[in-house]
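Okay, here's what each chain looks like letter by letter:
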Amino acid sequence: FSMFEVTIEETFAAGHALRNYRGKCENVHGHNYRCQVSLEGGQLDSIGLLVDFVEMKRVVHAVLDRMDHQWLNDFPPFDVLNPSAENMAKYIYDEVKAGLGVREGVRVGAVKLWETDTASATYRES
(Lines give C-alpha, C1' and ligand atoms only; values in the text may rest on other atoms or scores of the structure.)
Protein backbone atom coordinates (compact mmCIF):
# COMPACT_ATOMS: atom_id res chain seq x y z
CA PHE A 1 0.00 0.00 0.00
CA SER A 2 1.07 3.58 -0.58
CA MET A 3 1.62 6.14 2.13
CA PHE A 4 2.17 9.89 2.13
CA GLU A 5 4.12 11.51 4.96
CA VAL A 6 4.33 15.22 5.81
CA THR A 7 6.77 16.52 8.40
CA ILE A 8 7.42 19.76 10.23
CA GLU A 9 10.13 20.74 12.70
CA GLU A 10 9.83 23.25 15.52
CA THR A 11 12.04 24.25 18.45
CA PHE A 12 11.50 25.16 22.08
CA ALA A 13 13.65 25.62 25.18
CA ALA A 14 12.98 24.04 28.56
CA GLY A 15 14.71 22.97 31.75
CA HIS A 16 14.59 19.66 33.58
CA ALA A 17 16.41 17.31 35.92
CA LEU A 18 16.19 13.54 35.60
CA ARG A 19 15.04 11.87 38.82
CA ASN A 20 16.90 8.81 40.15
CA TYR A 21 19.57 9.26 37.48
CA ARG A 22 23.16 8.73 38.53
CA GLY A 23 25.13 11.38 36.69
CA LYS A 24 25.18 15.03 35.76
CA CYS A 25 21.70 14.99 34.16
CA GLU A 26 20.30 14.56 37.67
CA ASN A 27 21.23 18.23 38.15
CA VAL A 28 19.21 21.18 36.90
CA HIS A 29 19.94 21.84 33.22
CA GLY A 30 18.19 22.88 30.03
CA HIS A 31 18.01 22.06 26.36
CA ASN A 32 17.12 23.78 23.15
CA TYR A 33 14.86 20.99 21.93
CA ARG A 34 14.13 20.34 18.27
CA CYS A 35 10.92 18.45 17.57
CA GLN A 36 9.97 16.75 14.31
CA VAL A 37 6.35 15.66 13.87
CA SER A 38 5.28 13.48 10.95
CA LEU A 39 1.72 12.77 9.85
CA GLU A 40 0.90 9.97 7.45
CA GLY A 41 -1.96 8.68 5.40
CA GLY A 42 -2.82 6.99 2.12
CA GLN A 43 -5.28 9.47 0.64
CA LEU A 44 -4.92 13.12 -0.38
CA ASP A 45 -7.82 15.55 -0.25
CA SER A 46 -9.49 17.13 -3.28
CA ILE A 47 -6.69 19.68 -3.72
CA GLY A 48 -3.85 17.20 -3.27
CA LEU A 49 -3.01 17.68 0.41
CA LEU A 50 -2.69 15.06 3.10
CA VAL A 51 -3.03 17.82 5.69
CA ASP A 52 -2.63 21.58 5.51
CA PHE A 53 0.81 22.57 6.88
CA VAL A 54 -0.78 25.68 8.43
CA GLU A 55 -3.20 23.53 10.43
CA MET A 56 -0.46 21.04 11.31
CA LYS A 57 1.80 23.84 12.59
CA ARG A 58 -1.06 25.32 14.62
CA VAL A 59 -1.64 22.00 16.42
CA VAL A 60 2.08 21.33 17.04
CA HIS A 61 2.71 24.93 18.20
CA ALA A 62 -0.18 24.67 20.67
CA VAL A 63 1.55 21.68 22.29
CA LEU A 64 5.12 22.99 22.23
CA ASP A 65 4.22 26.54 23.28
CA ARG A 66 2.88 25.13 26.57
CA MET A 67 6.27 23.49 27.19
CA ASP A 68 8.46 26.38 26.03
CA HIS A 69 10.53 28.00 28.79
CA GLN A 70 9.03 25.70 31.43
CA TRP A 71 10.64 23.85 34.31
CA LEU A 72 9.43 20.46 33.07
CA ASN A 73 9.68 18.74 36.46
CA ASP A 74 6.69 20.87 37.60
CA PHE A 75 4.79 20.46 34.30
CA PRO A 76 2.20 17.62 34.26
CA PRO A 77 2.70 14.76 33.51
CA PHE A 78 6.42 15.31 34.21
CA ASP A 79 5.71 16.30 37.81
CA VAL A 80 5.33 12.51 38.20
CA LEU A 81 6.82 11.03 35.02
CA ASN A 82 10.55 11.53 34.46
CA PRO A 83 11.06 14.27 31.80
CA SER A 84 13.27 12.11 29.60
CA ALA A 85 13.40 12.68 25.84
CA GLU A 86 11.57 9.36 25.39
CA ASN A 87 8.70 10.31 27.72
CA MET A 88 8.52 13.79 26.22
CA ALA A 89 8.32 12.40 22.66
CA LYS A 90 5.37 10.18 23.66
CA TYR A 91 3.65 13.09 25.43
CA ILE A 92 4.00 15.31 22.34
CA TYR A 93 2.74 12.44 20.14
CA ASP A 94 -0.36 11.97 22.33
CA GLU A 95 -1.08 15.71 22.54
CA VAL A 96 -0.71 16.26 18.78
CA LYS A 97 -2.95 13.25 18.15
CA ALA A 98 -5.60 14.74 20.47
CA GLY A 99 -5.21 18.19 18.92
CA LEU A 100 -5.71 16.90 15.40
CA GLY A 101 -8.87 15.08 16.38
CA VAL A 102 -10.20 12.22 14.29
CA ARG A 103 -9.24 12.72 10.67
CA GLU A 104 -10.22 10.09 8.17
CA GLY A 105 -7.06 8.35 6.97
CA VAL A 106 -4.56 10.68 8.71
CA ARG A 107 -2.55 9.67 11.76
CA VAL A 108 0.52 10.78 13.63
CA GLY A 109 3.38 8.77 12.19
CA ALA A 110 6.17 9.67 14.61
CA VAL A 111 7.54 12.33 16.91
CA LYS A 112 11.32 12.74 17.05
CA LEU A 113 12.75 14.94 19.78
CA TRP A 114 16.38 16.09 19.82
CA GLU A 115 17.87 17.16 23.17
CA THR A 116 21.11 18.06 21.41
CA ASP A 117 22.29 18.09 17.80
CA THR A 118 23.40 14.48 18.13
CA ALA A 119 20.97 12.88 20.58
CA SER A 120 17.28 12.22 19.92
CA ALA A 121 14.42 9.95 20.91
CA THR A 122 11.55 8.86 18.64
CA TYR A 123 8.06 7.65 19.55
CA ARG A 124 5.68 5.98 17.09
CA GLU A 125 2.84 3.51 17.30
CA SER A 126 2.71 0.56 14.92
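Trainee: In this structure, what is going on with the pairing of strand 3 (residues 107-116)? I would like to understand it.
Mentor: Two faces make up the sheet, and in a regular strand the side chains alternate between them. Across the 10 residues of strand 3, 7 count as buried, placing the element largely inside the fold. Bridge count for strand 2 (residues 29-41) against strand 3 is 7 bridges, and the pairing is antiparallel. Across the sheet, residue Gln36 finds its bridge partner in strand 3, namely Lys112. Here strand 3 runs beside strand 4 (residues 119-123); their pairing, made up of 5 bridges, is antiparallel. Residue pairing in the sheet places Thr116 in a bridge with Ala119 of strand 4.

Trainee: I keep staring at helix 2 (residues 85-100) and nothing clicks. Help me out?
Mentor: Residues separated by three or four positions in an α-helix point in the same direction, a consequence of the helix having 3.6 residues per turn. Along its 16 residues, helix 2 runs 22 Å from first to last C-alpha, staying within 8% of the 22 Å computed at 1.5 Å per residue. Those residues of helix 2 that fall on the buried side of the exposure criterion are Ala85, Met88, Ala89, Tyr91, Ile92, Tyr93, Val96 and Leu100. Buried positions along helix 2 lie against strand 1 (4-16), strand 2, helix 1 (53-67), strand 3 and strand 4. The first or second residue beyond helix 2 is Gly101, which carries a positive phi of 70 degrees.

Conventions adopted
Residues numbered from 1 in each chain as written. Predicted model: local features only at pLDDT ≥ 70, side-chain atom pairs only at ≥ 80, totals over all residues. Heavy atoms only, no water. Buried < 20%, exposed > 50% of the residue type's maximum accessible area, 1.4 Å probe, protein only. Helix = DSSP H or I, 4+ residues; strand = E, 2+ residues; numbered from the N terminus. Pairing = 2+ DSSP bridges. Expected span 1.5 Å × (residues − 1). Contact = heavy atoms within 4.5 Å.

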